[in-house]
Amino acid sequence: MASLKDIAQSCGVSVATVSKALNNHSDISQARREQIKAKAKELGYFPNQAARALKTRSTMDIGVLFADEHNSGLTHPFFSQVLEGLKLRAEEKGYDLTFIGIKSNPSNMSFLEHCIYRNVDGVVIACVDFDQPDVQELTRSRLPVVTIDHVIDDCATICSNNMQGMYDLTKYVISKGHRKISFVHGTPCSATNARMVGFFRALEDNGIDIPDVYVRETPFLDDEQAYNITCELLALGDRPTCIMYPDDYCCIGGMNAIRDMGLSVPGDVSITGYDGVPLGKVLSPKITTYEQNMLEMGKVAADKAIELIERPRTGIKNITVIDGQLYEGESVGTIK
């Protein structure tokens, strides 16, 4: 493989001039840069990443820690789009992504040790148990860390506007005349806590009070548990007219339960999901949901990680909130 010295000899210039031309320094003329780059391509030159890392102390590599409880990986209905946005923006800015996880972990290293072993410049963390000691060790390290939908001190966070999203969705349900509204929320986390605030604020602002039995908990994406909870809610003497679920897949589980009990959506019971996955728009009826801007969250996470990597002294470890939008669908009927 050709070296900088080979290119310099072919072009009759110094190695320093070749290096400046390939790195687009302004003190090299456009014509000279183009000549040197053309010769580099002709000779089959590729930069030595290891040598570059030694010189710049940067590998242009962002670690991604992603391990959801369902082991859905890159097929996760929410985080797959976040990861796609992360990948697109990182590539635009010349960065690679390296997944930091249990299965790719050599010699049973901790997450921080694995990051050091892979020599990543920073890490984006999504959909993990943030109470794990390994995760806490990583977030407290000197590595730039960006979290998705979970707030941690001294880390940058990119999150969906969960409180406003649930407020808007609940307000829409109320506008359709519903007062007996059940809220099946996800397992406790930052996103769930914010959504619960949005839900109860919407009820409070409209003078609505619901019984405690209307508020239930299920793991995210667990359509079977959502099915069972729905059966229990509909067996109540004073059952809800609308059931709100933590995600669209749980909503589908609820829809199946309603139909298996001989009832219809939204004729007998109205339902809402959350996230806005494409599957919800091809069902009949289309799921009323809140569409999170997942692709944008991934792009902004990449921007923030690169900011903290390239500007270690001035990069801001703040919370960036990404708005979504209400999708009315067809699964909420009107109560007259």
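Here, every reference points to the structure presented above.
To start, this report covers the structure provided alongside it. (Residues numbered from 1 in each chain as written. Predicted model: local features only at pLDDT ≥ 70, side-chain atom pairs only at ≥ 80, totals over all residues. Heavy atoms only, no water.)

What follows is about the sheet that holds strand 3 (residues 122-126). With parallel pairing, six strands are arranged side by side in an open sheet as 2-1-3-4-5-11. Two strands lie at the open edges of the sheet, namely strand 2 (96-99) and strand 11 (319-322), each paired on one side alone. Looking at each pair of strands side by side, their axes are set apart by 20 degrees on average, direction ignored. With four bridges joining them, strand 1 (residues 61-66) and strand 2 adopt parallel strand pairing. Following the sheet pairing, V64 is matched in strand 2 by F99. (Pairing = 2+ DSSP bridges. Helix = DSSP H or I, 4+ residues; strand = E, 2+ residues; numbered from the N terminus. Axes fitted to C-alpha atoms, helices over the stretch in contact; angles between N-to-C directions.)

The linkage connecting V265 with the following residue, P266, adopts the cis geometry, with an omega of 5 degrees. Relative to the elements of secondary structure, P266 occurs in the loop between helix 11 (248-260) and strand 9 (270-272). One non-glycine residue, L221, lies in the positive phi region at around 65 degrees. As for its position among the elements, L221 is in the loop between strand 7 (215-217) and helix 10 (223-234).

On the surface, V151, I319 and V321 cluster together into a nonpolar patch covering about 240 Å² of accessible area. Mapped onto the fold, V321 is located in strand 11. (Patch = residues over 30% accessible without salt bridge, like charges linked within 9 Å, V, L, I, M, F, W, Y side chains within 5 Å. Areas by Shrake-Rupley, 256 points an atom, 1.4 Å probe, with all protein chains shown as cover. Salt bridge = Lys/Arg side-chain N within 4 Å of Asp/Glu carboxyl O.)

Residues that lie three or four places apart on an α-helix share one face, since the helix turns once every 3.6 residues. Those residues of helix 6 (residues 111-118) that sit buried are F111, L112, H114 and C115. All buried residues of helix 6 lie within an arc of 160 degrees about the axis, which places them on one face of the element. Along its buried surface, helix 6 packs onto strand 1, strand 2, strand 3 and helix 7 (133-139). Looking one or two residues past helix 6, N119 carries a phi angle of roughly 60 degrees, positive in sign. (Buried < 20%, exposed > 50% of the residue type's maximum accessible area, 1.4 Å probe, protein only. Arc of directions from axis to C-beta. Contact = heavy atoms within 4.5 Å.)

A general trend in soluble globular proteins is that nonpolar side chains are found buried together. Formed by 28 residues in total, the largest nonpolar core has its most connected members in F79, V124, V146, I148 and I158. The set of elements that each furnish at least two residues to this core consists of strand 1, helix 5 (79-92), strand 3, strand 4 (145-148), strand 5 (156-160) and helix 12 (294-310). Ranked by the residues each element gives to this core, the list is headed by helix 12, at nine residues. (Core = buried A, V, L, I, M, F, W, Y, C linked by side-chain atoms within 4.5 Å.)

Looking now at helix 5. Between its terminal C-alpha atoms helix 5 stretches 20 Å, which fits the 20 Å expected from 14 residues at 1.5 Å a residue. Considered for burial, the residues of helix 5 that qualify are F79, S80, V82, L83, G85, L86, R89 and A90. Elements in contact with the buried residues of helix 5: strand 1, strand 2, strand 3, strand 4 and helix 12. The first or second residue beyond helix 5 is G94, which carries a positive phi of 85 degrees. (Expected span 1.5 Å × (residues − 1).)

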